[in-house]
Amino acid sequence: MAERKENKDQTTSQSTDNYDGWGFDLFPERRGTYKPNIKNILFQGRGNENLERVKCERKVAYCINKSPLVKIMMGALRRSGCEVNPSRHIACELCDSSVHGGYDPIMNQVVICQNTATSKGTVQGVLTHELIHMFDNCTRKLDFRNIEHLACTEIRAANLTHCGLVSSILEGHSSFFNFRKKHQDCVKHKATISVLAVRDVTYEQAKEAVEKVFDRCYADLEPIGRRIRGRAVDFELAYAEAFLMGYD
């Protein structure tokens, strides 16, 4: 998710009543504020939202049927008593160009950004990441107003779905020689950036929340059971081992 500009004057309690800062400004359709104008149509390729949505929904259906990680998450949700109906709980929408997807805890709905998540690989990654948030929300009763709860689920999602060898090296978090040591740094960075994307806090506040809960949340590999290091075999191994977590 996109990094927010720091607001050094912002003060943040651990839980805020009537909190409305879910990052929905990144999802204009969700806010009901998107209306393409002539500039959007002529210079940004807008006006084809319906076709984009159909293509996105086809990729979502493909991932639900073919992706080992998505299948694990869908099965884990159902076996945990968490209702998950793709037509109700997964939505393709137009988003801000800085994000690929999100999770709406109020609607209990995963958002796939049809204008930015345009490949099957990206859709798979977004679906798995956001379904982890859905799983945590259902099974751990998260309070997304609590920044530590938010930090924990972002750590888990980054740990289980991101920071593979190639992506981690490209982003400067590790090399072929220190991948094991630096994997945690990559997870911390991605979790901090994700917290910033949906909360109006400073970088220091987001980082502090991540550090406070990191050890416990990094060690929690449920329901995938292993960290995916970017190798195709990791996906198949996770799926083959799903029975060990009770989610086959």
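As a reminder, the structure under discussion sits directly above these lines.
A brief report on the enclosed structure follows. Computed from a predicted structure; not experimentally measured.

## Some remarks on the nonpolar core
At step 1: In terms of nonpolar packing, the biggest core is built from 59 residues, with Val60, Val110, Ile112, Leu127, Leu131, Ile155 and Ile224 touching the most fellow members.
At step 2: Excluding anything up to four places from it in sequence, Ile224 contacts Leu69, Ile72, Met73, Thr128, Ile132, Leu160 and Ala238.
At step 3: If you look at the next biggest cluster of nonpolar residues, it comprises six residues, including Cys95, Val99, Val111 and Cys113.

## Observations concerning the packing of helix H3 (residues 49-66) against helix H4 (residues 68-79)
At step 1: The geometry of H3 relative to H4 is characterised by a closest axis approach of 6 Å and an angle of 80° between their N-to-C directions. In terms of orientation, H3 and H4 fall into the roughly perpendicular class. Between H3 and H4, the residues in contact are Cys63, Ile64, Asn65 and Lys66 and Pro68, Val70, Lys71 and Met74, respectively.
At step 2: Residues belonging to the contact of H3 with H4 are distributed by class as follows: five nonpolar, one polar and two charged.

## Description of the environment of Glu29
At step 1: Mapped onto the elements, Glu29 comes out in helix H1 (residues 28-31).
At step 2: Separated by 65 residues in the primary sequence, Glu29 and Leu94 place their C-alpha atoms 6.3 Å from one another.

## Some points on the sheet that holds strand E2 (residues 101-104)
At step 1: If you walk across this open sheet you meet the three strands as E1-E3-E2, and the pairing is mixed. Looking along the sheet, the strands with just one partner apiece sit at the ends: strand E1 (90-93) and E2. In this sheet, adjacent strand axes meet at a mean angle of 25° when their direction is disregarded.
At step 2: Those strands touched by helix H6 (residues 120-139) are E1, E2 and strand E3 (109-113), and its axis lies near 160° from that of E3.

Basis of the calculations
- Residues numbered from 1 in each chain as written.
- Predicted model: local features only at pLDDT ≥ 70, side-chain atom pairs only at ≥ 80, totals over all residues.
- Heavy atoms only, no water.
- Core = buried A, V, L, I, M, F, W, Y, C linked by side-chain atoms within 4.5 Å.
- Buried < 20%, exposed > 50% of the residue type's maximum accessible area, 1.4 Å probe, protein only.
- Contact = heavy atoms within 4.5 Å.
- Axes fitted to C-alpha atoms, helices over the stretch in contact; angles between N-to-C directions.
- Helix = DSSP H or I, 4+ residues; strand = E, 2+ residues; numbered from the N terminus.
- Parallel < 35°, antiparallel > 145°, perpendicular 65-115°, else oblique.
- Nonpolar A, V, L, I, M, F, W, Y, C, P; charged D, E, K, R; others polar.
- Pairing = 2+ DSSP bridges.

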